[in-house]
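# Notes for the structure review
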Amino acid sequence: MKSFLLDGERISFEEGETILQAAIRAGKYIPHLCFHPEFRPHGSCKLCTVKIAGRQSASCTRLAAEGLEVESETAELNAERLLLTQMLFVEGNHFCPSCEKSGDCQLQATAYHLGMTSAHFDHFYPNRPVDASHPEYLLDFNRCILCSLCVRASRDVDNKNVFALAGRGIATHLVVNARSGKLGDTDFAATDKAASVCPVGVILKKGKGFSVPIGSRTFDKKEIGEWVDTRLKERT
Amino acid sequence: MARLKVATATLAGCFGCHMSFLAIDERIFELVEHVEFDRSPINDIKKVGECDLGLIEGGLCNSENVEVLREFRKKCRILVAVGACAINGGLPAQRNPIPLSVILDEIYLGEAGIAHGVIPNDPELPLPLNKVHPLHEVVKIDYFLPGCPPSADVIWKFLTDLLAGREPEFGPELLHYD
Ligand code: SF4
Ligand code: SF4
Ligand code: FES
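Position labels on residues start from 1 in each chain and follow its written sequence. Here chains are named by letter from A upward and ligands by number from 1 upward, in the order in which they appear as written. Under the rules for a predicted model, residues below a pLDDT of 70 receive no local features and side-chain atom pairs below 80 are neither given nor counted, while totals for whole chains, interfaces and linings still include all residues. Excluded from the side-chain calculation are hydrogens and water; included are all heavy atoms of the structure.

### Details of the site of ligand 2
Proximity is defined per residue: any heavy atom of the residue falling within 4 Å of a molecule or strand makes that residue near it. In the vicinity of ligand 2, the residues found are Cys-144, Ile-145, Leu-146, Cys-147, Ser-148, Cys-150, Leu-174, Cys-198, Pro-199, Val-200 and Val-202 of chain A. Amino acid classes used here: Ala, Val, Leu, Ile, Met, Phe, Trp, Tyr, Cys and Pro are nonpolar; Asp, Glu, Lys and Arg are charged; the rest, including Gly, are polar. Of the residues that constitute the shell around ligand 2, the class distribution is 10 nonpolar, 1 polar and no charged.

Spelled out as structure tokens, the structure:
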């Protein structure tokens, strides 16, 4: 089988696999937020950036190739990952103590992994009203990190196109595909893949918040680096 | 060994971080062997003197908060933001997307029970800031202790690391934002 080196460790891959896919299958963690093993990569968050022959590259979009020497766990890359994470925190409104997703949130868990103790930059405090128009789900846009997983899930799995990313650059934002812009006016359903794919606390089921006590939540029990390939085991 | 001089203050916080500090329980006996308290709600000293360490809970929601913070920065060799509100504004900062005038009108002119038709304007009252700010947006902060509140163990780990001359560090079991 073909293989490449990840931080000096041999990782085998199948033809067509990306570096991140092969790493996750081997139980190796490369920080990432917009990648999910069930979806085609989006390549937008850049948390998964690695260094190959002195050049940076997103490991979720870079195809694995025989003999590559990939660096990931370096002080330099982790410092840049931390900066990206801090920017995500200040761009939205992330008040973890009052967020239902706290303890189950991949952004928060990634920040823990990277040792973030403050968001460092000035906070934007954007004004993003909550959409509670749907009877079963609410959208808290304050926490959206624009990973596009809900967009991909709704379009590619649910065949519905409920979500889209609109605008460009710093003005990019999540929109709901209805004339009113409200989730309640779409055909979004609780059984949709898009209902369960958000890595942070945007797409939330009503009436069940804080149902798991502190200490028993996903990342209370497992560091994100140890959790990451559990998504593959759940599928098989 | 000279004892470390420590000052603490609550700005736009709920005193939860101070309560958590007290939750170090009997370890406080060990602590007072090594530290001496300057200004703090614990002893009610009102003015901060020259200190080794300043611990600040809460963000900045009014002009007095800013004054106290600047005073602490001048007097404390090491200044620490303690807890979620000091670090990102926390719950008080959830007013930030709404203009201050809209909030004051709603509460003092509209809300039944509190509304007396006037917005309080006593010169003794510090002016509210347009937005609530975390500490690091106004002065340099040397360390951040996350958590709402940071657990007694986090505070203890920080203090004992510092007293031992180690760079304070929190492992995954201590790093929490909630
Ligand atoms: S989405 Fe995650 S990072 Fe944001 S407030 Fe919720 S728990 Fe915190
Ligand atoms: S709502 Fe969630 S899944 Fe959708 S783009 Fe935002 S962060 Fe990603
Ligand atoms: S996971 Fe690769 S860019 Fe987001």
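From this point, the narrative continues.
### As for helix α6 (residues 152-163) of chain B
Residues and elements named next belong to chain B. Taking 1.5 Å of rise per residue, 12 residues should cover 16 Å, and α6 covers 16 Å from first to last C-alpha, within 8% of that figure. Per-residue accessibility, obtained with a 1.4 Å probe over protein chains only, is compared with the maximum for each type, and a residue is labelled buried under 20%, exposed over 50%, and partly exposed between these values. Strands here mean DSSP runs of E at least two residues long; helices mean DSSP runs of H or I at least four residues long; both are numbered from the N terminus. Those residues of α6 that fall on the buried side of the exposure criterion are Ala-152, Val-154, Ile-155, Trp-156, Phe-158, Leu-159, Asp-161 and Leu-162. Buried residues along α6 sit against α1 (16-22), α2 (27-34), β3 (51-57), β5 (76-82) and β7 (143-145). Gly-165 occupies a position one or two residues after α6 and carries a positive phi of about 75°. Working rule for helices: expected span equals 1.5 Å times residues minus one. A contact between two residues is defined here by any heavy atoms of the two lying within 4.5 Å.

### Here we look at the pattern of salt bridges
Each salt bridge in this description consists of a side-chain nitrogen of Lys or Arg and a carboxyl oxygen of Asp or Glu lying within 4 Å of one another. One pass over the full model with this rule turns up 21 salt bridges over all chains. A salt bridge links Glu-71 of chain B to Lys-75 of chain B, with the nearest nitrogen and oxygen atoms 3.1 Å apart. Separated by 4 residues within a single helix, Glu-71 of chain B and Lys-75 of chain B lie in helix α3 (residues 63-75), roughly one turn from each other. We classify Glu-71 of chain B as partly exposed; its relative accessible area is 25%. Assessed through its relative accessible area of 22%, Lys-75 of chain B is described here as partly exposed. Bridged by salt links that share partners, the residues Arg-217 and Asp-220 of chain A together with Asp-178 of chain B form one connected network.

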